[in-house]
Amino acid sequence: MGSLRWVRMEGEELDAFLGRGGTGVLSFSTEGEQSPFSIPVSYGYTADSGTFYFRLAFPPGSTKATVIDRPVTFVVHEHTDEGWQSVVASGRVEGIDGQPYESTVVQELWAVRIPSVDVFDRPPEDVAFRHFRLVPETLQGRTEFTD
């Protein structure tokens with residue numbers, strides 16, 4: 001039996017793993033000894049710019065409203081036939097609502113697929129959503145390798 005190792009995932013392999021979208025965990029930094037504020041989210045991804053796109057809900061009293069301007073880490077992971085793969089991106093999310101139709105940001109947002117996940121106690125059309133992007137300051141991918 002071979003030993004398990006992790007190797008860096010980059011370029012086309014990383015872009016293929018992220019595809020045009022999926023799900024992951026977005027974690028916001030907090031103050032002092034508090035644990036990070038982490039939420040599962042759907043995302044879209046464009047390989048051309050290496051940008052992640054999110055559609056986040058802000059129901060009344062949402063904790064996200066208090067942490068949205070803080071540094072984030074976004075993690076995507078999956079077990080495939082070849083083994084485990086993961087990507088960790090970090091930086092800050094940026095609100096993109098109100099951008100002109102012809103802007104690259106809006107064109108990229110419309111080109112990605114952000115899976116719809118209904119986890120709300122009311123119809124999605126009654127939930128306030130805002131759009132954000134993450135242009136990572138760091139982006140690291142790893143894939144399992146057995147020799």
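Preceding this paragraph is the structure being described.
Residues numbered from 1 in each chain as written. Predicted model: local features only at pLDDT ≥ 70, side-chain atom pairs only at ≥ 80, totals over all residues. Heavy atoms only, no water.

Moving on, we get to the overall build of the protein. Counting secondary structure elements, the protein contains 3 helices and 9 strands. Shown N-terminal to C-terminal, the secondary structure of the protein runs as helices and strands in the order β-α-β-β-β-α-β-β-β-α-β-β. In the protein, 69% of the contacts between residues at least 6 apart in sequence involve partners at least 24 apart. About 9000 Å² of surface is accessible on the protein, with carbon and sulfur atoms providing 49% of the total. (Helix = DSSP H or I, 4+ residues; strand = E, 2+ residues; numbered from the N terminus. Contact = heavy atoms within 4.5 Å. Areas by Shrake-Rupley, 256 points an atom, 1.4 Å probe, with all protein chains shown as cover.)

Turning next to the nonpolar core. Core analysis: the biggest nonpolar cluster contains 24 residues, and Leu-18, Leu-26, Phe-52, Phe-54 and Phe-74 have the highest contact counts within it. Elements with a minimum of two residues in this core: helix 1 (11–18), strand 2 (21–28), strand 3 (37–46), strand 4 (51–57), strand 5 (72–80), strand 6 (83–91) and strand 8 (129–134). Per-element tally for this core: the top contributor is strand 3, with 4 residues. In contact with Phe-52, other than residues within four places in its own chain, are Leu-18, Tyr-43, Gly-44, Tyr-45, Phe-74, Ala-89, Phe-132, Arg-133, Leu-134, Pro-136 and Leu-139. Membership of the second largest hydrophobic core comes to 6 residues, among which are Ile-96, Val-105, Leu-109 and Ile-114. (Core = buried A, V, L, I, M, F, W, Y, C linked by side-chain atoms within 4.5 Å. Buried < 20%, exposed > 50% of the residue type's maximum accessible area, 1.4 Å probe, protein only.)

Of all the 10 residues making up strand 3, 7 are buried; the element is thus mostly covered by neighbouring parts of the structure. Inspection of the sheet shows strand 2 paired to strand 3 by 8 bridges, in the antiparallel sense. Each bridged residue has a counterpart across the sheet, and for Thr-23 the counterpart in strand 3 is Ser-42. Here 3 bridges tie strand 3 to strand 4, and the two strands are oriented antiparallel to one another. In the strand pairing of strand 4, Thr-46 is matched with Thr-51. Linking strand 3 back to strand 4 in an antiparallel pair, the connection comprises 4 residues, with Gly-50 at a positive phi of about 65°. (Pairing = 2+ DSSP bridges.)

This part covers the pattern of salt bridges. Applying the stated criterion to the full structure yields 2 salt bridges. The salt bridge partner of Arg-70 is Glu-31, with a shortest N-O separation of 3.0 Å. Of this pair, Arg-70 sits in the loop between helix 2 (64–67) and strand 5 while Glu-31 sits in the loop between strand 2 and strand 3, and the two are 39 residues apart along the sequence. Judged by its relative accessible area of 21%, Arg-70 falls in the partly exposed class. Notably, a salt bridge pairs Arg-133 with Glu-94, separated by 2.9 Å at the nearest N-O pair. Taken together, the positions of Arg-133 in strand 8 and Glu-94 in strand 7 (residues 93–95) put the pair 39 residues apart, joining distant regions of the chain. (Salt bridge = Lys/Arg side-chain N within 4 Å of Asp/Glu carboxyl O.)

Moving on to helix 3 (residues 104–111). Looking only at helix 3, the buried set comprises Val-105, Val-106, Glu-108 and Leu-109. Looking straight down helix 3, one finds its buried side chains confined to an arc of 165°; they lie on one side. For helix 3, the exposed residues lying more than 90 degrees away from the buried face are Thr-104 and Trp-110. Where helix 3 is buried, its residues meet strand 3, strand 4 and strand 8. (Arc of directions from axis to C-beta.)

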